[in-house]
Amino acid sequence: MTHDEIAETTANEAPSLTNDLPEPIGTESLLGAVEAILMVAEVPLSIVHIAASLDTPVNEIRAAVSMIKDDFDGLSGSRQRGFELREVGGGWRVFVRENFEWAVREFVSNENPTKLSQAALETLAVIAYRQPISRGQIASIRGVNVDSVVRTLLSRGLITEMFTDSETGAINYGTTETFLENLGINTIDDLPLISPYLPDPNNLTDSESK
Amino acid sequence: MTHDEIAETTANEAPSLTNDLPEPIGTESLLGAVEAILMVAEVPLSIVHIAASLDTPVNEIRAAVSMIKDDFDGLSGSRQRGFELREVGGGWRVFVRENFEWAVREFVSNENPTKLSQAALETLAVIAYRQPISRGQIASIRGVNVDSVVRTLLSRGLITEMFTDSETGAINYGTTETFLENLGINTIDDLPLISPYLPDPNNLTDSESK
Amino acid sequence: MPENWWTVAVLHNEELSEQTTTGFSLTLGNFEGPFDLLLSLISKHQLDITDISLSKVTNDFIAYVRTLETADQLDEASEFLVVAATLLDLKIAELLPRGEVVDAEDVALLEARDLLFAKLLQYRAFKEISSWFSTAMALESRRVFRQVRLDERFRKQQPELVWTLSKEEFARLAEETMTPREIPMVGLTHLHAPRVSIREQAIELVTMLRREQSMSFAQIIGQVRDRAVVVARFLAILELYRLAVVTFEQDSPLGMLQVSWRSEAFDENQLSALGADYDS
């Protein structure tokens, strides 16, 4: 969508300001509204989420977010900002731009959770690529009991119970949005491909169902 | 460029025009750093505070803040932002711009249903009976990550940050007056007794440090 | 996502992984399970995973499993034993003269090998990719995002909270929430063969040997279809040998293994104590 298109679609929706030039102000108003919301949000906001809050079509919000991002990045003729808009965990959020992180250290409270153990990381990788997956299936891939690691991952909010298998009664796990945020990616599809490393999974699953 | 020169040039010139000047990169970098700090600060920051943390003369910071303010206000040729820099209580802070507050109001009323979720109630119950308690400790009692419900409870004013553990850096939470009012009791001691044989946070390993 | 990030991430991870490899409660000795051990042995001998010199790796593996002595370790060792048994099978097959006859047992052995290697490859894949996770998380944890408490005046805009719980209901909720949940255990029985008691097998053996006085190993396992029982019987024989209750005779390498009873050395109490090590 071009800027002009946004101007057209939002021209009449500006709730506050009106003057001689309705069209550009409509756009500016939408951009300002989206910026304002991004300023107060405490979690990454999806386009759909913002659209619902502002009661505005999704494609207009998408265009507005993309314009704001470009703007912060200095692609719209102005200076590159000390902050940027990033899409992580399925939503948009204002971050300090990477090359200015040195400046903010003092102002950020550091409550960094402890690093995950190697076992927890490997288990997380298995869940990420094989979700939904039960503890039994994870144990069979890892060769060891994974109860304690799964509990750690649950309390860290990195995985969640997705559903219980109606036949076996086994709980199936999957990754969360927090997981995506912690990795700095937007969707599971952003994970590096693992298939080149793997043998054909069809040869492996049988042993578990014996 | 001397400090005074920056102060002078910023009075009339847009930052994008400073390209003609000898040390534009220094300026842009300073602007970015100040912006980054203001973007993450929870409280208004004085010019002196920012100057000290960036190890930069006060008048340069003053000039930078003034440029950023003008910039956000749309006085430097670019769009007026949905946020602004406001001086309150002797310091500077990023606020939602007044004419975009409607967007935040819509967003906020959309976010908060009138009833607490089951997860929020359970977390509140744990905090009420085990305060002061950290998020990690709550998580290990509830077996799931509680970051987002704790945020909800904070924003509802039902709990508050009591102190930060000096060793672990973990914030400890407790209930508020608002909580007591909702439950119709005067002090925490009026809570009905529960079984003494339930997990105590002091005996729990913080799930985050596992 | 830029492709080179992954590469950078992997390189970067070298330093990080050092700190993260310790402290897991289920670690058996230094290894997190049989695949971990097998992988490290393969890399120690600088072997390709698809072209393992079985003798070396099997010897090392068995030697390691022997060092697992405490009850706790043995409790966790069942997976090790399954892998050990497979490796032993494969090693024996390698040593046997190659005939033209392909019988069902050979095929089963090949399948067991393929399955073991496929599982090992799979394990390695996840192990390798986990370094990407570690690095991505480390990099992301340095990022700072805006997270500023909502202004009081906006907070007042939210719809009034509707509170419905009495203090008694609230107390009950607290109690229910804080009562530790019974963590459903992983049913390992449907994954692996059911646990086999070495003591039970030892008792069985004693009965058989008392009757027969001397039997070949082939006879001892003659009727048994379950590999876990075979392993358990084999371990039971070793235990009985350690107690000097039985003796072995083998004329030549890979020849028939004859197990003989030495009843004069037998003490019933030793047998009941024997099982204790293996019970969980």
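Because the structure is a prediction, the values reported are computed rather than measured.

## A closer look at the packing of aromatic side chains
Applying the stated criterion across every chain yields a total of 16 aromatic pairs over all chains. Measuring from centroid to centroid gives 5.9 Å for A:Phe83 and B:Phe83, while their planes differ by 75°, and the two rings are edge-to-face. Remark: B:Phe83 occurs in strand β1 (residues 83-88) and A:Phe83 occurs in strand β1 (residues 83-88); the pair is interchain, linking two chains. With centroids separated by 5.9 Å and ring planes inclined at 35°, the aromatic side chains of A:Phe179 and C:Phe133 adopt a geometry described as tilted. Here C:Phe133 lies in helix α6 (residues 104-141) and A:Phe179 lies in helix α9 (residues 177-183), a pairing that spans two chains. Neither residue differs from the other here; A:Phe179 and C:Phe133 are each classed as buried.

## Some words on the pattern of salt bridges
Scanning the model with the defined rule gives 35 salt bridges over all chains in all. A salt bridge links C:Arg143 to A:Glu98; its shortest N-O distance comes to 4.0 Å. Within this pair, whereas C:Arg143 is found in the loop between α6 and α7 (152-155), its partner A:Glu98 is found in the loop between β2 (91-96) and α5 (101-104), the two belonging to separate chains. Assessed through its relative accessible area of 11%, C:Arg143 is described here as buried.

## Things to note about the interface of chain B and chain C
Facing the 46 residues of chain B at the interface are 33 residues of chain C. Across the chain B/chain C interface, buried area totals approximately 3,500 Å², and carbon plus sulfur atoms make up 66% of it. On the surface where chain B and chain C come into contact, there are 3 salt bridges. With a shortest N-O distance of 2.8 Å, C:Arg153 and B:Glu101 are connected by a salt bridge. Where chain B touches chain C, the interface holds 5 residue pairs in polar contact (both at pLDDT 80 or more). Ranked by residue count, the leading element in the side of chain B that touches chain C is helix α6 (residues 118-130) of chain B, at 9 residues. Residue composition of the side of chain B that touches chain C, grouped by class: 26 nonpolar, 7 polar and 13 charged.

## Some details on the sheet that holds strand β3 (residues 133-134) of chain A
Backbone hydrogen bonds hold the strands of a sheet together, and the pairing may be parallel or antiparallel. Residues and elements named next belong to chain A. Ordered in space as β3-β5-β4, the 3 strands form an open sheet in which the pairing is antiparallel. Bordering the open sheet on either side are β3 and β4 (159-164), each of which pairs with just one other strand. Sheet topology note: the β3/strand β5 (residues 171-175) ladder contains 2 bridges and is antiparallel. Considered in β5, the bridge of Ile133 is made with Tyr173. Seen against the sheet, helix α6 (residues 118-130) touches β3, β4 and β5 and runs at an angle of roughly 95° to β5. Of the strands in this sheet, β4 and β5 are in contact with helix α8 (residues 147-155), which crosses β4 at around 110°.

What counts, and where the lines are drawn
Residues numbered from 1 in each chain as written. Chains lettered and ligands numbered in written order. Predicted model: local features only at pLDDT ≥ 70, side-chain atom pairs only at ≥ 80, totals over all residues. Heavy atoms only, no water. Phe/Tyr/Trp six-rings, centres within 6.5 Å; stacked < 30°, edge-to-face > 60°. Helix = DSSP H or I, 4+ residues; strand = E, 2+ residues; numbered from the N terminus. Buried < 20%, exposed > 50% of the residue type's maximum accessible area, 1.4 Å probe, protein only. Salt bridge = Lys/Arg side-chain N within 4 Å of Asp/Glu carboxyl O. Contact = heavy atoms within 4.5 Å. Buried area = accessible area lost by both parts, 1.4 Å probe. Polar contact = N/O pair within 3.5 Å; in protein donor to acceptor, adjacent residues only side chain to side chain. Nonpolar A, V, L, I, M, F, W, Y, C, P; charged D, E, K, R; others polar. Pairing = 2+ DSSP bridges. Axes fitted to C-alpha atoms, helices over the stretch in contact; angles between N-to-C directions.

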